[in-house]
Amino acid sequence: MKQHLYIIIIGIAAILYSCGDGKLVRQLPHLGNTPYQQDTILVTYATNPERALTLLDSALLLGNISDYRAQVIRAKIFSKSLMEQRQDSAIAICKQLLNHDSVLSQPTEQENILDMLIASSRARLDYEQYLHWATQKANLCHQQGEETERWRTEADIGLIYTHLGQVDKGLDKLNEAITHLDEPGSIDRMDAFIVAVKRKINALNDLSRFTEVIPLAQRSLDRLTHYEQHAKDYAEDSYRLSWSDNPNDRDRYLDFSRAQTWVFIAQAYAKLDSLEEARKYLVLFNGTTYSKSFSARRFIAPTQIELGMYDDAIATYDEMERRMAADTINDDYAQVLRARAIALRAKGYTAEALDYHMRYAKLSKALSDSLHRSEAHDYAARYHAQEQQMEIQEKQAEAQRSHIMSIAVTIIALLATAFAAYFFRQKRIISAKNRALVRMINEKKTPEAPKTNSDEFANIDQAIRTEHLYKEVNLQRQDICNRFGINRHTLNDMLTHYSGGLSFPQYINAIRLEESLRMLHNEPNLTIAAIAKAVGFSPSNFREQFKQKYGMTPQEYRQNM
């Protein structure tokens, strides 16, 4: 019993080292980019995935691992599976983990979860989700100042755009990422550069632009050679690739990266019908350690079909079928059927080839119909979600408008109240001043005839007042001179000496104003215009003359009297 327990614990330790908080897992979260993830994270899964999951459950049951770390490990195992159902499970687990406190509080943990979501979405060819998670990760890296990892992820986004039909936009973004990363001296930046080049090669292959693949792949080989010759000049600047001091790890990285690049070149030459060149690079690939792994054989299988190496390719597809088990309603299995049909037809097994080809056509149609239904369902769900979101936003906007309107009404009311208070206060001040002014005017409202030593001027003044000569609007100086038989100079001298120096118009207007003051006080039923006419003023002139003398208009005087 103890022996069995020790075996279980050793197995658990292997998984924990590869998938848990161990250094290599945090160093290499990009599934498929280096051999270390398959050779470490999936040590047990590579030979017996069900056993790996059993060991994981045992570790969780014994309390040797937290629920959170167990979910991370399970998601890593599922995300590398060829079974679509397990890919879906990986995505579901990762979505839950994004809300876990450990992920929310640690950006590096969040990046690891997003890496798994990106890998699973890429494997399922779900480009919309692939774009969603890659964009989220690029933004997170940008916020954290991780520019190298940001541009590595921007290369993913560029590849997605080409898949979605936005070829120019995608290639521009891929070129931008490669340009930002194309500089030696950093291990992490070198690896990100090679990944970005791979993404562009994938895009070029999809676009059948094979002649562009070869010089681009050569750039990766040149960078790897430079690194191999100047390894000590490359700085460790990321937790992802902290193995530069270990020659064995460094050699394995070079082996893996060169192997993948040689595959790209071999594929390109095969597509261009340069079979001799293709085989030359295939020999280089077969000389690598990485070529012995299942992922490498799966990677090279399409090129083997192109070169007529049907038995080698079919052996790889046999293992793919075994790993997929009953999960055969997917694109991977469709490609297996197509490859078998091509191989059998080339070998002369026409009937069997036709059978595989018909199965391939039937599965492709089923996948297409399923995809269309899924897309229609997704579109309907997104449309419904957008409708709900728009409704929520509309309600929020309406509530915001109501709130703003309420604030505006309150502000207007306050301003109106303040203005009214100011207006009435000013009105009270003016009214008080006017009343005081009226009192002053009323104290002097009884006009007195000019005190004069001239009997002749006294007679003229009395006649003008008592006979109401001032009422004549067009009363002229000459009219008075004619009436009293004096000349203009005599009258002017009298005014100068006995009226306080007033001119004839000023003298007459003074009498008119005194009379108007009396009428305003004693005859409230008369209008201002009637009073103006009665004393010899036009209405506008009356108002002007009255205000000039008394400091207020006739109307204001009457109101404050």
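These figures come from a predicted structure and were not determined experimentally. (Residues numbered from 1 in each chain as written. Predicted model: local features only at pLDDT ≥ 70, side-chain atom pairs only at ≥ 80, totals over all residues. Heavy atoms only, no water.)

## Some thoughts on the pattern of salt bridges
Opposite charge on two side chains permits them to pair, given that their charged atoms come into close proximity. Considering all chains together, one arrives at 26 salt bridges under this definition. Note that Arg 150 and Glu 154 form a salt bridge whose closest N and O atoms lie 3.7 Å from each other. Of this pair, Arg 150 and Glu 154 both sit in helix α10 (residues 147-163), four residues apart, which is roughly one turn of that helix. Note on accessibility: Arg 150 and Glu 154 belong to one class, buried. The residue Arg 518 makes a salt bridge to Glu 523 at a minimum N-O spacing of 4.0 Å. Connected via shared salt-bridge partners are Asp 115, Lys 137, Glu 149, Arg 152, Asp 188 and Asp 191. (Salt bridge = Lys/Arg side-chain N within 4 Å of Asp/Glu carboxyl O. Helix = DSSP H or I, 4+ residues; strand = E, 2+ residues; numbered from the N terminus. Buried < 20%, exposed > 50% of the residue type's maximum accessible area, 1.4 Å probe, protein only.)

## Some words on the packing of aromatic side chains
The description of an aromatic ring pair rests on the distance of the ring centres and on the angle between the ring planes. Summed over the entire model, instances satisfying the criterion amount to nine aromatic pairs. Judged by centre distance (5.8 Å) and plane angle (45°), the rings of Phe 457 and Tyr 507 are tilted. Taken together, the residues Phe 457 in helix α20 (residues 455-466) and Tyr 507 in helix α23 (residues 504-522) connect sequence positions 50 residues apart. Like Tyr 507, Phe 457 is buried. The positively charged end of Arg 223 is found above the aromatic ring belonging to Phe 193, 4.6 Å away from the centroid. (Phe/Tyr/Trp six-rings, centres within 6.5 Å; stacked < 30°, edge-to-face > 60°. Lys NZ or Arg CZ within 6 Å of the ring centre and 35° of its normal.)

## Some thoughts on α10
Spanning 17 residues, α10 covers 24 Å between terminal C-alpha atoms, matching the ideal 24 Å at 1.5 Å per step. Most of α10 is tucked away: 15 of the 17 residues are buried. Two residues or fewer past α10, Gly 165 is found with a positive phi of approximately 95°. (Expected span 1.5 Å × (residues − 1).)

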